[in-house]
Amino acid sequence: MFKYFPHTEEDLQAMMEKVGVESLDDLYAEVPDEIRFHGKYKLPEQMSEVEVRQLFEKLSEDTEPLMCFGGAGVYDHYTPAVIPALLSRSEFLTSYTPYQAEISQGTLHYIFEYQSMMAELTGMDISNASMYDGTTAAAEAVMMAVAAGKKQDTVLISETIDPKTLKVIETYAHFHGIQIEMIHQKDGVTDFPHLQSLLSLHQGKVAGVLVQQPNYYGIIEDYSGYADAIHDQKGLFIMSNIAADLAVLKTPGEWGADIAVGDGQSLGIPMQFGGPYVGYMCCTEKLIRKMPGRIVGMTKDNRGQRAFVLTLQAREQHIRRQKATSNICSNQSLMALFVTIYMSLMGKEGLREAAQLSYAGAHYLCDKLLATEHFKLVYDKPFFNEFVVSYDDDLDTLLGRLQAHGIFGGIKLDDNQLMIAVTEKRTKEDIDNFVNKIMP
């Protein structure tokens, strides 16, 4: 047996006898033989620490890092160097599920600060102790709206939402009997008259309406009148936002949203091959009992000292199988600590400056591209730090040329449409270099 496996052969035999099988293979008897793997795993031989370091150094030599002009929900923002050092401090490394408040004060404290910052950033009353990522946060918000609406089982979603988010929502909805209908887009923004017609068509059945700001195409949409129209039909208004952009944009609270969700990756978390990230969820006070995940409150102990505890929700609320508020109840919140430190270091002015630099850089690049006369804006709408252009030549050739010069040129949407994002990390020199490398 392997030295790290805790069970002896006698342990395994006793367990197999208990469940009525003769071998471990019998546990997989129902798996068809044709889909089983019968070969040997291509695992390397064991290595020393020095050999492992050398291996990864060699792999890094064969990998060329690209300057990123892509976005679509994940952005190349600056990460202050101090964060990893603070992230590993012992007072934060307590149990990941802090039900024992007396030994988890470090974890509970930073979660409380995270909640306070996210509530202020979104303009909402309450924040939970974070979600896995922005897509699952949006899906949980849909379920939350249906739970709050009781007999309302329909959720309307704008076509301008991130397709990745929509896919996750559809998976959740399929297994919970939730009806999803799409609100049409018109010229890259949500068609408000179509939303009004759907609300009228499904009168009394719409639990919630989900929109995104900025939307998938980077456009800043005008959601005036949405909250009133939705609330008139007893539905909840759900907004999905890129967290960093809320430093300068109108908040969900100001739009009259009931639930605010999104991904906190833009708050300094490196792109790192897709995760881990952190989803946020905030809501109005009246919905607090329907909110999934944990909530931390501040109180005083029996000596009158400040203390932090899990509050308003019992653990049993999340472990009641199909009757549970949510199946998300044990997010380790390490990434919530990450963005808490980031926001603390940056402060309000720093967050605004980073957002303004991103905005200015994107508009500068857009103007330079349009000046080449090879690009046109697909949607002539206000945008933040991301925009969609059409290209008059072969887009794959263009992206390959940029990559050859160490540039990831953006997200290809179709044969001739390219979505480009700019963050505060891209300098004027970087942007000028991008434009100069476009021409053969």
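Look a little higher up for the structure.
Below is a short write-up of the structure. (Residues numbered from 1 in each chain as written. Predicted model: local features only at pLDDT ≥ 70, side-chain atom pairs only at ≥ 80, totals over all residues. Heavy atoms only, no water.)

A look at helix H7 (residues 192–201)
If you check which residues of H7 are buried, you get His194, Leu195, Leu198 and Leu199. Each buried residue of H7 lies within a common arc of 140° when the element is viewed along its axis, so the set occupies one face. Counted as exposed and oriented over 90 degrees from the buried face of H7: Pro193 and Leu201. On its buried face, H7 sits against strand S3 (154–158), strand S4 (179–183), strand S7 (206–213) and helix H8 (226–232). (Buried < 20%, exposed > 50% of the residue type's maximum accessible area, 1.4 Å probe, protein only. Helix = DSSP H or I, 4+ residues; strand = E, 2+ residues; numbered from the N terminus. Arc of directions from axis to C-beta. Contact = heavy atoms within 4.5 Å.)

Concerning the packing of aromatic side chains
The geometry of an aromatic ring pair is captured by two quantities: the separation of the ring centres and the angle between the planes. Within the structure shown, the criterion is met by 13 aromatic pairs. Judged by centre distance (4.6 Å) and plane angle (55°), the rings of Phe69 and Phe434 are tilted. Of this pair, Phe69 sits in the loop between strand S1 (67–68) and helix H3 (82–87) while Phe434 sits in helix H12 (residues 428–436), and the two are 365 residues apart along the sequence. Ring centres of Tyr223 and Tyr226 lie 4.9 Å apart, and the angle between their planes is 85°; on these two criteria the pair is classed as edge-to-face. Tyr226 shares its class with Tyr223; the two are buried. A connected cluster of aromatic rings, assembled from ring pairs, spans Phe192, Tyr223, Tyr226, Phe237 and Trp255. The ring of Trp255 carries the charged tip of Lys250 above its face, separated from the ring centre by 4.0 Å. (Phe/Tyr/Trp six-rings, centres within 6.5 Å; stacked < 30°, edge-to-face > 60°. Lys NZ or Arg CZ within 6 Å of the ring centre and 35° of its normal.)

A look at the pairing of strand S12 (residues 306–310)
Bridge analysis of strand S11 (residues 296–300) against S12 gives five bridges, and the strand direction is antiparallel. Within S12, the position partnered with Met298 by the bridge is Phe308. Between S11 and S12, which pair antiparallel in sequence order, lie five residues; one of them, Gly304, sits at a positive phi of approximately 80°. (Pairing = 2+ DSSP bridges.)

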